[in-house]
Amino acid sequence: MNIRTKIIILPFLLYTLQLSAKTGRTIIVAQDGTGNYKTVQAAFNSISEVNTKKITVFVRNGIYKEKLLLPKGKQFVNLVGEDKFSTILTYDDHTGKVVNGQVINTRTSASFLMLANNFTAENITFQNDAGFTAGQAVAIEVDGDKAIFNNCRFVGNQDILFTNNDSSRQYYKNCYIEGTTDFIFGSSTVWFEQCHIHSKKDSHITAASTPKEHLYGYVFNDCILTGDSSLRSVSLGRPWRAYSNVTYINCYLDNHIKPEGWSTWNNNENHKTARYAEYKSYGPGANGVSRLSWTKQLSDDEARVITLEKVLGNWQPFLNDNNSKRKYSK
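Throughout what follows, the structure given in this document is the object of discussion. Every chain is numbered independently, its residues counted from 1 as its sequence is written. A pLDDT threshold of at least 70 governs which residues receive local features in this predicted model, and a stricter bar of 80 or more applies before side-chain atom pairs are shown or counted, although totals over entire chains, interfaces and linings include all residues. Only heavy atoms go into the side-chain values, all of them from the structure, while hydrogens and water stay out.

**Quick look at the state of the cysteines**
Should the sulfur atoms of two cysteines be covalently bonded, the bond is a disulfide.
Turning to step 1, where the next piece is worked out: Our working definition of a disulfide is a cysteine sulfur pair at a distance within 2.5 Å. If you walk through the whole model with that rule in mind, you get zero disulfides.
Turning to step 2, where the next piece is worked out: Here Cys 195 is not disulfide-linked; the sulfur of Cys 175 is the nearest cysteine sulfur, at 4.8 Å.
Turning to step 3, where the next piece is worked out: Here Cys 223 is not disulfide-linked; the sulfur of Cys 251 is the nearest cysteine sulfur, at 4.6 Å.
Turning to step 4, where the next piece is worked out: When accessible area is computed with a 1.4 Å probe and restricted to protein chains, residues below 20% of their type maximum are described as buried, those above 50% as exposed, and intermediate ones as partly exposed. Since its relative accessible area comes to 0%, Cys 223 is described here as buried.

Written out as structure tokens, the structure is:
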């Protein structure tokens, strides 16, 4: 082994040893053959169908064009990328595409179908690269309960992040999420903390389908919302189901957000029972007086009770992120 190789490999080995100390067994994925497997799916396949111990799958930089599946029994997986900009999991399925005689729909379009509970991802990009005009093309469908995404990127166009399970609780911190239409959608209970949400089309950011009996659906806390420079008519969301629940708290809204803020779902009456709210939005897209009448501007007292403990229940992903920085008027 020459000196240059040592300089490159030794820090990587040190990091994987640190991961192993914290999370148990580590599986290394590297396209050049220097790891345990060359593909992410091969690493997933090596995990027991009834896994009960923490396992880290460390993915070296590269573009991994794979249609991934993490089955329900393969719990406690910590998926870690070497660099969130250079470790990319991608595929290009989309609605209408025919594969082996079967027509792809929204659900089957996912680049990554994640069914397991207690899943964590860090420093990695989840992508669907089907293209701007391809229609619904999911980057990741998250069905498992207690899923954490930290410092990750979700990249694509329509229907990118599918939170598709009524019983699933999910937490996203310091993540970047971009798309065109309904690019954050589904029925799960999800907390977004200090995330960057970027729109690429005059359309809708969220399409929640929150069950009636759930007090919370999507909560965006201290997030930043931006859009391509030409956009001026992006909505914060439209109600996919009748009791959709979406709340923005202390979020920066750029000038791509339209004055009325939200939208209805086609020609139905879902908006009459939807639960849409903001608290202290700021920036050029924040305009409480122009918002649609069926949406709400929360008072200090109403916003104060929306905490991680209330939203996610007995599961607290990061105890240090319990809204300690949130400020209210006296």
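**A closer look at the packing of aromatic side chains**
Turning to step 1, where the next piece is worked out: Only rings of Phe, Tyr and Trp enter the pairing, Trp through its six-membered ring, and a pair is recorded when the two centres are within 6.5 Å. The plane angle decides the type: under 30 degrees is stacked, over 60 is edge-to-face, the rest tilted. According to the stated counting rule, one finds 21 aromatic pairs in the structure shown.
Turning to step 2, where the next piece is worked out: Here the aromatic rings of Tyr 252 and Tyr 282 are separated by 5.6 Å at their centres, their planes lie at 65 degrees, and the arrangement is edge-to-face. In this pair, Tyr 252 is assigned in strand β25 (residues 252–253) and Tyr 282 in the loop between β26 (275–279) and β27 (296–297), connecting sequence segments 30 residues apart.
Turning to step 3, where the next piece is worked out: The aromatic ring of Trp 265 is capped on one face by Arg 238, whose charged end is 4.1 Å from the ring centroid. In this description a helix means any DSSP run of H or I spanning at least four residues, a strand means any run of E spanning at least two, and both kinds are numbered starting from the N terminus. Only lysine NZ and arginine CZ atoms are considered, and such an atom sits over a ring when it is within 6 Å of the ring centre and within 35 degrees of the ring normal.

**Some thoughts on the sheet that holds strand β24 (residues 245–249)**
Turning to step 1, where the next piece is worked out: Pairing in this open sheet of 11 strands is parallel, and the strands run β1-β2-β5-β10-β13-β16-β19-β22-β24-β26-β27 from one edge to the other. Two strands close off the open sheet at either side, each with one partner strand: β1 (25–29) and β27.
Turning to step 2, where the next piece is worked out: Note on pairing: DSSP must find at least two bridges between two strands before they are called paired. One ladder, built from five bridges, connects β24 with β26; its direction is parallel. Following the sheet pairing, Thr 247 is matched in β26 by Ala 277.

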